[in-house]
Amino acid sequence: MINAARFHNDGFLVVPGVLDAAQMATLRARAEAIARDFDPGDDQPVFDPASAKHAQDRWFLESGDEIRCFYESEALDEQGRRRVPAEQAVNKIGHALHDLDQDFARISRSPKLAAIAQALGMRDPRLLQSMYIFKSPGIGGEVPWHQDATFLYTDPITVLGLWIALDDADRHNGCLWMVPGGHRQSLKQRFVRHGEGTRFITLDDAPLDARGAVLIEVEVGTLVAFPRKAPHRSDPNRSDRARHAYALHLIEADAFYPEDNWLRRRPERPLRGFATEADSEETQS
Ligand code: FE2
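An account of the accompanying structure is given in this report. Since this is a predicted model, take the numbers as computed values, not measurements. (Residues numbered from 1 in each chain as written. Predicted model: local features only at pLDDT ≥ 70, side-chain atom pairs only at ≥ 80, totals over all residues. Heavy atoms only, no water.)

## Observations regarding the overall build of the protein chain
To keep things clear, this is the line we draw: A run of H or I in DSSP counts as a helix once it spans at least four residues, and a run of E counts as a strand once it spans at least two, with each numbered from the N terminus. For every residue, the accessible area obtained with a 1.4 Å probe (protein chains only) is divided by the maximum for its type, and the residue is called buried under 20%, exposed over 50%, and partly exposed between those limits. Only heavy atoms matter for contacts: two residues are in contact if any of them lie within 4.5 Å across the pair.
Each helix and strand counted, the protein chain has nine helices and 13 strands in total. If one aligns the C-alpha atoms of the protein chain with their principal axes, the spans along those axes are about 50 × 50 × 40 Å. Split into buried and exposed, the 285 residues of the protein chain put 51% on the buried side. Excluding contacts between residues fewer than 6 apart, the proportion of contacts in the protein chain whose partners are at least 24 apart in sequence is 84%.

## Quick look at the sheet that holds strand β10 (residues 214–216)
For clarity, the threshold we go by: Any two strands with at least two DSSP bridges between them are considered paired. To obtain each axis, a line is fitted to C-alpha atoms, and for helices this fit is confined to the stretch in contact; angles are then taken between N-to-C directions over 0 to 180 degrees.
Pairing within the open sheet is antiparallel, and its four strands lie in the order β5-β12-β7-β10. Looking along the sheet, the strands with just one partner apiece sit at the ends: β5 (143–146) and β10. Each strand of the sheet is rotated relative to its neighbour by a mean of 25 degrees, with strand direction disregarded. With three bridges connecting them, strand β7 (residues 176–178) and strand β12 (residues 232–234) associate as antiparallel partners. Across the sheet, W177 pairs through a bridge with R233, a residue of β12.

## A word on the layout of surface pockets
Think of a ball as big as a water molecule: rolled over the atoms, this probe shows where empty space is left. Here is the rule we go by: Only protein atoms enter the calculation, which uses a 1 Å grid: trapped sets of points that fit a 1.4 Å probe without letting it out are cavities, open sets showing protein on both sides within 12 Å along at least five of seven lines are pockets, and any residue with an atom within 4 Å of a point is a lining residue. Grid points are joined across faces, edges and corners, and a volume is the space filled by probe spheres set on the points.
Of the voids in this model, the largest pocket is the one considered here, and its volume is about 780 Å³. Forming the boundary of the largest pocket are 43 residues, of which F47, P49, V143, H146 and F151 lie nearest the centre. Taken together, the elements giving at least two residues each to the lining of the largest pocket come down to β3 (90–95), β4 (125–133), β5, α8 (148–151), β8 (189–194), β12 and β13 (245–252). A total of four residues in the lining of the largest pocket trace back to one element, the largest contributor, which is β5.

## Considerations on the coordination of the iron ion
Rule in force here: A 2.8 Å cut-off from the metal defines N, O and S donors, relaxed to 3.2 Å for Na, K and Ca; water is not in the atom list, so some sites may appear incomplete.
At 2.1 Å from the iron ion lie its protein donor atoms, namely H146 (NE2), D148 (OD) and H232 (NE2). When the donor residues of the iron ion are listed from N- to C-terminus, their spacing reads H-x1-D-x83-H. Pair noted here: H146 is in strand β5 and H232 is in strand β12, with a separation of 86 residues, a long-range link. Its relative accessible area of 16% is what places H146 among the buried residues. Its relative accessible area of 5% is what places H232 among the buried residues.

Next comes the structure, spelled out in structure tokens:
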């Protein structure tokens, strides 16, 4: 049972047991295989939300409709060589797993996730972005306070984040922090294309208000849903346990998607909703 009233009131909702053990094992195995197969050549792409250095890299800027790995900055030594195994070095894989990888595509479009999105008020959702986040033991980086609409802006703002814990997530391995009621504040920034790179545009000078933030400690398989402008963050993982998670972001099909959003899709890779390939084959026949 999805408590939509609570979601709209608190600005987040915790739903245990959304993925089963087999689905989670599949996602984990696929993600680790992608990480192991990843050969970055000479230029090791790092994703570091704290410094945002990645934001000017083509590897990042052209990842909106690709499956690409990004390393933790602490996974590399001073010469830029990996100092941990490949499947621990990756910060995340993004941003179109849900379209380009069969296993991710199927599980991202499971009826349960579609039903949750609908219960939380999405009318005609499109799956915009997917990220497999490793948050590896000891080196998993911090994600500072932010609002997802900063990165996935539409007019009106419609983004819904579905974050699923693939390990138990607690204060020691970098679980989420959320702010009850924090989703009612204005959008502070937009992250947009600028020339060959990106920049942040300030929409509201008042800083993001994270007073009253709470730790969201959850068991493996739990989904945390949060809307639009809900502030959230996570600590670095200094524990000896991984904190894998899968995050999916949806927008409404009829909302305006600005051309200067950082995330771009080629016309031949249009956004799709929750209907599976099997559904669309049925509709066509
Ligand atoms: Fe986020």
